[in-house]
Amino acid sequence: ALWCLMMSVTPTRGCLLDLPWEDILVPHILCHLPLQQLLSLQRVSKSFQSLIQLYLANMRCFDSSQIGPAIPRAAFVNLLKDNEVLQQLALQNCSDWLTDRELLPVIGQNHHLHQIQLKGCAQLSRHALVAISLSCPNLRQLSLAHCEWVDSLSLRSLADHCKALEAVDLTACRQLKDEAICYLVQKCSRLKSLSLAVNANVGDAAVEETAKCCPELEHLDLTGCLRVKNDSIRVLAEYCPKLRSLKVKHCHNVAESSLSILRSRGVELDVEPPLQRALVLLQDVVGFAPFINLQI
């Protein structure tokens, strides 16, 4: 089907390459094809190779998962070497080889990025986050989940230069403590989504400062934050009227006494109320749902 498209775009004589490249092919046709197929097209002819290179140089979104289970280092460097207009960059499948050496040139020449996904990219360093903060003033969404190289100094740089951030994922960034989180939310008050999950160093101070500084907050993930207690959840309920979801599973010091306030407002919680949990446990034990008059 792809070959037919290439060779017979119109009922008259001509082929795909006869259409205007920059005005028609790149923005209106090639953008609808999977990246892996586009790369295969480069092998058809020198003309197609030039066309795909033009497309790659004008690509607004790059997602490494579109290429396959793993993208070679050299391929990544070659694909983005001429691109200066990227807006979205997702590099989930590059953790085995992606280092500052490959990432920093891409970040340095793309100042329009507003979404960056670096989940699990463990071989980067704090210099990557500093480069992002200096090169991407319009950044809106950033995922650094399971990037344990993120430290307080690099996060401060992000907060100082990327004040338009709306979503930040700091899951399992275990170097970060309350002080660093407080600085981030003080500078980035537009945050709507924040994950601090799987960080035993995060406590009430970070949660309370987030609540007071980020009135637009809608989603907060505190999964496994063992130092978070009821008081900060009450502050969250008081200062964040737009909160839609809160994750507190494995937060053993957070009880229903504070969660009930949010539950009554329709906030989605990842823990059931005590009675519901008891019924589920009982059902698991006896193998069927018991008939219980809940009004007794």
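Here, every reference points to the structure presented above.
Small disclaimer: the values here were computed from a predicted structure and weren't measured.

1. Here we look at the packing of helix H7 (residues 126-135) against helix H8 (residues 152-161)
Now for step 1: Where H7 meets H8, the axes come as close as 8 Å, and the angle between the chain directions of the two elements is 10°. Judged by the inter-axis angle, H7 sits roughly parallel to H8. Contact with H7, carried on its side by Arg126, Leu129, Val130, Ser133 and Leu134, involves Leu153, Ser154, Leu155, Ser157, Leu158 and His161 of H8 and no other residues of that element.
Now for step 2: In terms of residue class, the contact of H7 with H8 is made up of 6 nonpolar, 4 polar and 1 charged.

2. Remarks on the packing of H8 against helix H9 (residues 178-187)
In a packed pair of helices, the relevant descriptors are the angle between the two axes and the axis-to-axis distance.
Now for step 1: Taken N-terminus to C-terminus, the directions of H8 and H9 make an angle of 5°; their axes are 9 Å apart at the nearest point. Between H8 and H9, the crossing angle belongs to the class labelled roughly parallel. Seen from H8, the contacting residues are Ser152, Leu155, Arg156, Ala159 and Asp160; seen from H9, they are Ala180, Ile181, Tyr183, Leu184 and Lys187.
Now for step 2: Looking at the contact of H8 with H9 residue by residue, the class counts come to 6 nonpolar, 1 polar and 3 charged.

3. Focus on the packing of aromatic side chains
One pair of aromatic rings is described through two measures. These are the centre distance and the angle between the planes.
Now for step 1: By the definition in use, this model includes 2 aromatic pairs.
Now for step 2: When the ring of phenylalanine 76 is compared with that of tryptophan 97, the centres are 5.5 Å apart and the planes differ by 55°; the resulting orientation is tilted. Residue phenylalanine 76 is found in helix H5 (residues 73-80), and its partner tryptophan 97 is found in the loop between strand E2 (88-90) and helix H6 (100-108); the two are separated by 21 residues along the sequence. Residue phenylalanine 76 shares its accessibility class with tryptophan 97, and that shared class is buried.
Now for step 3: By way of ring pairs, the aromatic residues Phe62, Phe76 and Trp97 are connected into one cluster.
Now for step 4: A cation over an aromatic ring shows up here: arginine 156 above the ring of tyrosine 183, its NZ or CZ 3.7 Å from the ring centre.

4. Some remarks on unusual backbone geometry
Now for step 1: Unusually for a residue other than glycine, histidine 146 sits at a positive phi of about 60°.
Now for step 2: On the basis of relative accessible area, histidine 146 is assigned to the partly exposed category, the value being 39%.
Now for step 3: Positive phi, normally seen in glycine, also occurs at alanine 172, with a value near 60°.
Now for step 4: Mapped onto the elements of the fold, alanine 172 is located in the loop between strand E5 (167-169) and H9.

5. Section: helix H10 (residues 204-213)
Now for step 1: If you check which residues of H10 are buried, you get Asp204, Ala206, Val207, Thr210, Ala211 and Cys213.
Now for step 2: Lining the buried residues of H10 we find H9, strand E6 (193-195), strand E7 (219-221) and helix H11 (230-239).

6. Notes on the side chain of serine 232
Now for step 1: The topology assignment puts serine 232 in helix H11.
Now for step 2: When its relative accessible area of 0% is taken as the criterion, serine 232 is described as buried.
Now for step 3: A polar contact is formed between the side chain of serine 232 and the side chain of aspartate 204, at a distance of 2.7 Å.
Now for step 4: Setting aside anything within four residues of it in sequence, one finds serine 232 in contact with Asp204, Val207 and Glu208.

7. Looking at the pattern of salt bridges
Now for step 1: What the rule picks out here adds up to 9 salt bridges.
Now for step 2: Across the pair arginine 234 and aspartate 231 runs a salt bridge whose closest N-O atoms are separated by 3.2 Å. Residue arginine 234 and its partner aspartate 231 are located together in helix H11, separated by 3 residues, close to a single helical turn.
Now for step 3: Residue class for aspartate 231 comes out partly exposed when judged on its relative accessible area of 48%.

8. Focus on the sheet that holds strand E4 (residues 141-143)
Now for step 1: Across the sheet, 9 strands lie side by side as E1-E2-E3-E4-E5-E6-E7-E8-E9; this open sheet has parallel pairing. Each edge of the open sheet is held by one strand with a lone partner, namely strand E1 (61-63) and strand E9 (268-269).
Now for step 2: Strand direction decides the pairing type here: E6 and E7, joined by 3 bridges, are parallel. Pairing of serine 193 across the sheet is with histidine 219, part of E7.

Conventions adopted
- Residues numbered from 1 in each chain as written.
- Predicted model: local features only at pLDDT ≥ 70, side-chain atom pairs only at ≥ 80, totals over all residues.
- Heavy atoms only, no water.
- Axes fitted to C-alpha atoms, helices over the stretch in contact; angles between N-to-C directions.
- Helix = DSSP H or I, 4+ residues; strand = E, 2+ residues; numbered from the N terminus.
- Parallel < 35°, antiparallel > 145°, perpendicular 65-115°, else oblique.
- Contact = heavy atoms within 4.5 Å.
- Nonpolar A, V, L, I, M, F, W, Y, C, P; charged D, E, K, R; others polar.
- Phe/Tyr/Trp six-rings, centres within 6.5 Å; stacked < 30°, edge-to-face > 60°.
- Buried < 20%, exposed > 50% of the residue type's maximum accessible area, 1.4 Å probe, protein only.
- Lys NZ or Arg CZ within 6 Å of the ring centre and 35° of its normal.
- Polar contact = N/O pair within 3.5 Å; in protein donor to acceptor, adjacent residues only side chain to side chain.
- Salt bridge = Lys/Arg side-chain N within 4 Å of Asp/Glu carboxyl O.
- Pairing = 2+ DSSP bridges.

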